[in-house]
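Observations on the model geometry
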Amino acid sequence: MAYKKQSKLFVSMAALVMPMCVSTLPSAPPQKVPTFPTTDHFQKQVRRVCERAQAEQHYLPKPVVELFFEGKLDSDPQHIASRESQSDATYVFHAAACAAASPDSWRAEGALKRTTQILDAWSQTYLPKGNPINDSHFLPFFESLTLIWPKLTGLQQISYANWIRQFITAGDIFYQGDAASGKRAIVTHSNSDTRTKNNWQTWRLAIRGVAAKLLNDSAELRNTEQMINNFVSDNIFADGSGIDFKDRDALHYHVYNLKAWIELAVFTPEVLTPFAQSRIEQALLFIKPYYEGTLQNIEFEHSIIKFDAARRDAGQPEFQNIPWKPESANELLRVARCVFPAIQPWTTLLDHSSQASPRVKFLAAMLCEGDFSNAH
């Protein structure tokens, strides 16, 4: 298997997150800013995110105490409000990437202030509830912190670290079951609850793993690795399909589940054993015949999930019983191909495609082109 376990980006991400304590000022020596790629393509992506950050600098953050995505139709007022507030996840990544990688120190300094403005607003407002479908929308915040961590003050590191740890704690409570909270929770030993096996658990572990990496918490990283070992076979089957495809009859959810796995592969590769890596690779390869058009899947045609039918009846386009659209996997594959070379032969055209968000283009350029071996 050709998974690049020790890719240069992974080395850089580990170097970015220095040892720290959440109750006292860090005692680690000054951190070095990582060396970013010097290729014309990467510098183009830096200019792109900086231009976005500049255009977005006057937007005021819209933090909320709670998000409402899971179980809500797109037309639901709570879903609409949550979607509007989560534009901040896009804005904060643009600013953080510019702050970390721009060669223009004046522009980088302004972008850093913008990044911390958004992070402060959310970290002082949003309380993680442990629901992974809602909390997963904060992974771009975690990615942003990974990029700018060396530029933060000790007090900022402590403040953000305390907030990040709440995501781990809330997720554990949600999955352990907390009768006193009065909120729906998951009992991990219940075989009747598919949320212990499907994309819910994958996103929960992605949040947990990336948070533990930011905190440099070796114990939580080991715990996450063990949880993944106990889970991956239930989530991804030997042929590369998985429980989400089985239950939903939809590549839409197969891709959604894989996005969580790729977050782990990019930012927290040490929690993935060779077996887990091989299952993720098989899940990516499972897409190939559908992506190339030799096979076709009518989406959600035989889904056993009632909410899929509700969204179809409400007219949401991606839940209609129509053939899967291969382009919907482009952003996933553009990043995944950098760390899973087995999929590169049939994803070559994505290398410099214009059909991707600035965040995805920036990450893909970092992964595929970056030399981070000198970062400490």
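Notes on the structure in this doc start here.

A few points about the nonpolar core
- In terms of nonpolar packing, the biggest core is built from 96 residues, with Phe141, Phe142, Leu284 and Phe362 touching the most fellow members.
- Look past the residues within four positions of Phe362 in its chain and what remains in contact with it is Phe42, Gln45, Val46, Val49, Phe93, Ala97, Ala101 and Leu147.

A few points about unusual backbone geometry
- Not every positive phi belongs to a glycine, and Asp249 is a case in point at roughly 50°.
- Within the element layout of this structure, Asp249 appears in the loop between helix H11 (243-248) and helix H12 (251-267).
- Residue classification places Asp249 among the buried positions, given a relative accessible area of 12%.
- Of note in this structure, Phe300 is not a glycine but carries a positive phi near 65°.
- Within the secondary structure, Phe300 sits in the loop between helix H13 (274-292) and helix H14 (306-313).
- Phe300 gets classed as buried once you look at its relative accessible area, which sits at 5%.

Considering the environment of Glu299
- Within the secondary structure, Glu299 sits in the loop between H13 and H14.
- On the accessibility criterion, Glu299 (4% relative accessible area) is buried.

Topic: the packing of H12 against H13
- It is at 11 Å that the axes of H12 and H13 come closest, and there the two elements cross at 145°. Crossing hand, H12 versus H13: left-handed. From H12, Leu251, His254, Val255, Leu258, Trp261 and Ile262 reach across to H13, where they touch Ile280, Ala283, Leu284, Phe286, Ile287 and Tyr290.
- Tallied by class, residues from the contact of H12 with H13 come to 11 nonpolar, one polar and no charged.

A word on the pattern of salt bridges
- One pass over the full model with this rule turns up 13 salt bridges.
- For Glu270, the salt bridge goes to Lys213, with nearest N and O atoms at 3.3 Å. One end of the pair, Glu270, is in the loop between H12 and H13; the other, Lys213, is in helix H9 (residues 199-215), and 57 residues separate them in sequence.
- Given the relative accessible area of 8%, Lys213 is considered buried.
- When salt bridges that share partners are traced, they join Asp172, Arg204, Arg208 and Glu220 into one network.

Cut-offs used in this document
- Residues numbered from 1 in each chain as written.
- Predicted model: local features only at pLDDT ≥ 70, side-chain atom pairs only at ≥ 80, totals over all residues.
- Heavy atoms only, no water.
- Core = buried A, V, L, I, M, F, W, Y, C linked by side-chain atoms within 4.5 Å.
- Buried < 20%, exposed > 50% of the residue type's maximum accessible area, 1.4 Å probe, protein only.
- Contact = heavy atoms within 4.5 Å.
- Helix = DSSP H or I, 4+ residues; strand = E, 2+ residues; numbered from the N terminus.
- Axes fitted to C-alpha atoms, helices over the stretch in contact; angles between N-to-C directions.
- Left-handed = near helix turned anticlockwise from the far one by under 90°.
- Nonpolar A, V, L, I, M, F, W, Y, C, P; charged D, E, K, R; others polar.
- Salt bridge = Lys/Arg side-chain N within 4 Å of Asp/Glu carboxyl O.

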